[in-house]
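The lines below spell out each chain.
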Amino acid sequence: IFIFIFFFSSRRRHTRCSGVSWARRCVQETAIVPTWMAPNLITLIGFGCVFFPWIALWILVDGNLNGNIPAWFCIILGLLQFTYLVIDNVDGKQARKTGSSSPLGLLFDHGCDAINLTLSGVNIVTVLQLGNNWKSILGIAASLCPFYFATWEEYYVNALILPIINGATEGPIVLAVIFIASGIVGTQIWSSNVGAGLTVVDVNLIIIVLFGLVSTTNHILNVRAKVPEQFKKALMNTIPFLITLIVIAYVTIVEQNDMVVNQTRLLIVYFGLHFGKLATHLQAAHVANVEFQGFRRTTLISYTILVAYVLIKQLVKGYTHQINDRTVLLVLIFFALLSYIHLVVNIVLQFTDVLNIKCFKIRPKDAALVNKSESKHEELVSKI
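Quick caveat: nothing in here was measured; it's all calculated off a predicted structure. (Residues numbered from 1 in each chain as written. Predicted model: local features only at pLDDT ≥ 70, side-chain atom pairs only at ≥ 80, totals over all residues. Heavy atoms only, no water.)

Here we look at the overall build of the protein chain
Logical step 1: Within the protein chain one finds 15 helices and two strands.
Logical step 2: Per-residue burial over the protein chain gives 49% buried out of 384 residues.
Logical step 3: Taking as baseline every contact in the protein chain between residues at least 6 positions apart, the subset at least 24 positions apart corresponds to 82%.
Logical step 4: Summed over all atoms, the accessible surface of the protein chain reaches about 18900 Å², with 67% contributed by carbon and sulfur. (Helix = DSSP H or I, 4+ residues; strand = E, 2+ residues; numbered from the N terminus. Buried < 20%, exposed > 50% of the residue type's maximum accessible area, 1.4 Å probe, protein only. Contact = heavy atoms within 4.5 Å. Areas by Shrake-Rupley, 256 points an atom, 1.4 Å probe, with all protein chains shown as cover.)

This is the structure we're talking about:
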């Protein structure tokens, strides 16, 4: 894993980069992509590389976060995870190659990444056999923090600056290696004891939490150093995300022997949808250059219902005889999904209307730009 991290650590995403080899690979990758294929379509294909295995794994382990996972499936997970990483880089290169770069493309890519973060998180904790408990929720919550604060920093400094080793680049590589290794040696390896009462997966969880804390702190310090006059206001815009973390912590602690044990996957999906919506709102405000409004009524109402339900369960014993945790979570997930779909559809419609573009198609008027970009691309490939 560390060899892979070292090998790819020369690459930067949205930062200054001197890695000629990575640029060469990206150009060569887009050489096989037809110019009629829209960048957002490529992004959607990458999303499918994570979404469909997530669905299959849900069925395979019957909704749990552990279980018997066939070796061949783990290897397929690893190959698709690596494919997602490649596609996540090709879509931006395809946009520049075809002259179809747009704020919508940036937002579409970022929105898919926000949802993929939860989906990949569920896949990895299942393969690592963390199981239905607070550890799985902690691991995924810790991975959400760097993503949100990186987007938050980008909103204020107008640049997405990531460290040499980061979740956007090395994260998918590490996941792919873990998936493939699990297929070769078996998922039971992660339960091996390493001493002091800790297993391999416990050590990995500690690393994830520490990485999340260090990365989050780094983003906060960057904002304070670069826009000190806006720092207090910037901190206020972290409150919506902090509310999400507080609700996650409250439900996990209070329901750790009930809802957390029996409905861990549904809980993660629920919070993942609300996180995806919040991150999409923040990125949309960034690309549209408008004020970020993080307090959303649908999210606050949904959180209030969940917290009230958990509180009533604790105060009134036997209240859940007529209604169970699964029913409540499924209803909340349904409305959270509707709210997220409503947001995505409206954003796509508004951006395509204002920018006079298509979401999944390159407009004919861009043909001249496409031909010009294609000739330059072929020239660059020949030089490489």
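Concerning unusual backbone geometry
Logical step 1: A positive phi angle is found at Asp 62, which is not glycine, with a value near 60 degrees.
Logical step 2: By the secondary structure assignment, Asp 62 is in the loop between helix H3 (39–60) and helix H4 (71–98).

Considering the nonpolar core
Logical step 1: Membership of the largest hydrophobic core comes to 86 residues, with the highest contact counts inside it found for Tyr 148 and Leu 306.
Logical step 2: The element that contributes the greatest number of residues to this core is helix H12 (residues 264–288), accounting for 14 residues.
Logical step 3: Filtering out sequence-adjacent residues up to four positions away, Leu 306 remains in contact with Val 247, Val 251, Met 259, Tyr 270, Phe 271, Leu 329 and Leu 332. (Core = buried A, V, L, I, M, F, W, Y, C linked by side-chain atoms within 4.5 Å.)

Observations concerning helix H8 (residues 200–226)
Logical step 1: For H8, which comprises 27 residues, the first-to-last C-alpha distance of 39 Å matches the rise-based estimate of 39 Å (1.5 Å per residue) to within 8%.
Logical step 2: Buried residues of H8: Val 201, Asp 202, Leu 205, Gly 212, Ser 215, Thr 216, His 219, Asn 222 and Val 223, and no others.
Logical step 3: Buried-residue contacts for H8 involve helix H6 (134–157), strand S2 (198–199) and helix H9 (231–236). (Expected span 1.5 Å × (residues − 1).)

Digging into the pattern of salt bridges
Logical step 1: Enumeration over the complete set of coordinates arrives at five salt bridges.
Logical step 2: Between Lys 135 and Asp 202 there is a salt bridge; the shortest N-O distance is 3.1 Å. Here Lys 135, found in helix H6, pairs with Asp 202, found in helix H8; they are 67 residues apart in sequence, far enough to count as distant.
Logical step 3: A salt bridge links Asp 258 to Lys 313; the nearest nitrogen and oxygen atoms lie 2.8 Å apart. You can see Asp 258 sitting in the loop between helix H10 (239–254) and helix H11 (259–262) and its partner Lys 313 sitting in helix H13 (residues 297–315), a full 55 residues away along the chain. (Salt bridge = Lys/Arg side-chain N within 4 Å of Asp/Glu carboxyl O.)

Thoughts on helix H7 (residues 170–185)
Logical step 1: With 16 residues, H7 ought to run about 22 Å at 1.5 Å a step, and its terminal C-alpha atoms sit 22 Å apart, in line with that.
Logical step 2: Within the sequence span of H7, burial applies to Glu 170, Pro 172, Ile 173, Leu 175, Ala 176, Val 177, Ile 178, Phe 179, Ser 182 and Gly 183.
Logical step 3: Looking one or two residues past H7, Gly 186 carries a phi angle of roughly 100 degrees, positive in sign.

Comments concerning the packing of aromatic side chains
Two descriptors summarise a pair of aromatic rings, namely the distance from one centre to the other and the angle between the planes of the rings.
Logical step 1: According to the stated counting rule, one finds 19 aromatic pairs in the structure shown.
Logical step 2: With a centroid separation of 5.7 Å and 15 degrees between ring planes, the pair formed by Phe 47 and Phe 51 is classed as stacked. Here Phe 47 pairs with Phe 51, and both are found in helix H3, just four residues apart, close to one helical turn.
Logical step 3: Overall, the relative accessible area of 18% leaves Phe 47 in the buried class.
Logical step 4: Using a relative accessible area of 27% as the deciding quantity, one classes Phe 51 as partly exposed.
Logical step 5: Here Tyr 270 and Phe 271 contribute two aromatic rings whose centre-to-centre distance is 5.1 Å and whose plane-to-plane angle is 65 degrees, an arrangement assigned as edge-to-face. The exposure classification of Tyr 270 matches that of Phe 271, with both residues buried.
Logical step 6: Site record: aromatic cluster; members linked through ring pairs are Phe 147, Tyr 148, Phe 149, Trp 152, Tyr 155, Tyr 156, Phe 241, Phe 275 and Phe 292. (Phe/Tyr/Trp six-rings, centres within 6.5 Å; stacked < 30°, edge-to-face > 60°.)

Here's the deal with the packing of H3 against H4
Logical step 1: At their nearest, the axes of H3 and H4 sit 7 Å apart, and the two run at 165 degrees to each other. The angle between H3 and H4 falls in the class roughly antiparallel. Crossing of H3 over H4 shows left-handed handedness. Facing Pro 39, Ile 42, Thr 43, Ile 45, Gly 46, Cys 49, Val 50, Pro 53, Ala 56, Leu 57 and Leu 60 of H3, the residues of H4 in contact are Phe 73, Leu 77, Leu 80, Gln 81, Thr 83, Tyr 84, Ile 87, Val 90, Asp 91, Gln 94, Ala 95 and Thr 98.
Logical step 2: Here the residues of the contact of H3 with H4 are counted per class, giving 16 nonpolar, six polar and one charged. (Axes fitted to C-alpha atoms, helices over the stretch in contact; angles between N-to-C directions. Parallel < 35°, antiparallel > 145°, perpendicular 65-115°, else oblique. Left-handed = near helix turned anticlockwise from the far one by under 90°. Nonpolar A, V, L, I, M, F, W, Y, C, P; charged D, E, K, R; others polar.)

A word on the confidence of the model for the protein chain
Logical step 1: Model confidence for the protein chain is summarised by a mean pLDDT of 83, while 83% of its residues fall at 70 or above.
Logical step 2: Low confidence marks residues 1–24, where pLDDT is under 50. Its contacts with residues over four positions away, or in another chain, come to 35 contacts. (pLDDT = per-residue confidence, 0-100.)

Considering the state of the cysteines
Logical step 1: One pass over the full model with this rule turns up zero disulfides.
Logical step 2: There is no disulfide at Cys 112, and the cysteine sulfur nearest it, in Cys 359, is 9.2 Å away. (Disulfide = S-S within 2.5 Å.)

Describing the side chain of Thr 187
Logical step 1: Summarising the element assignment, Thr 187 is placed in the loop between H7 and strand S1 (193–195).
Logical step 2: Among all residues touching Thr 187, those that are not within four sequence positions of it are Cys 74, Val 127, Gln 129 and Ser 182.

Examining the packing of H4 against helix H5 (residues 103–127)
Logical step 1: Put simply, H4 and H5 touch, their axes get as near as 12 Å, and they point 165 degrees apart. As the angle between them shows, H4 and H5 are arranged roughly antiparallel. Every pair of crossing elements has a handedness; the one defined by H4 and H5 is left-handed. The residues of H5 that touch H4, namely those facing Leu 77, Gln 81, Tyr 84, Asp 88 and Asp 91, are Asp 109, Asp 113, Asn 116, Ser 120, Asn 123 and Val 127.
Logical step 2: For the contact of H4 with H5, a count of residues per class yields three nonpolar, four polar and four charged.

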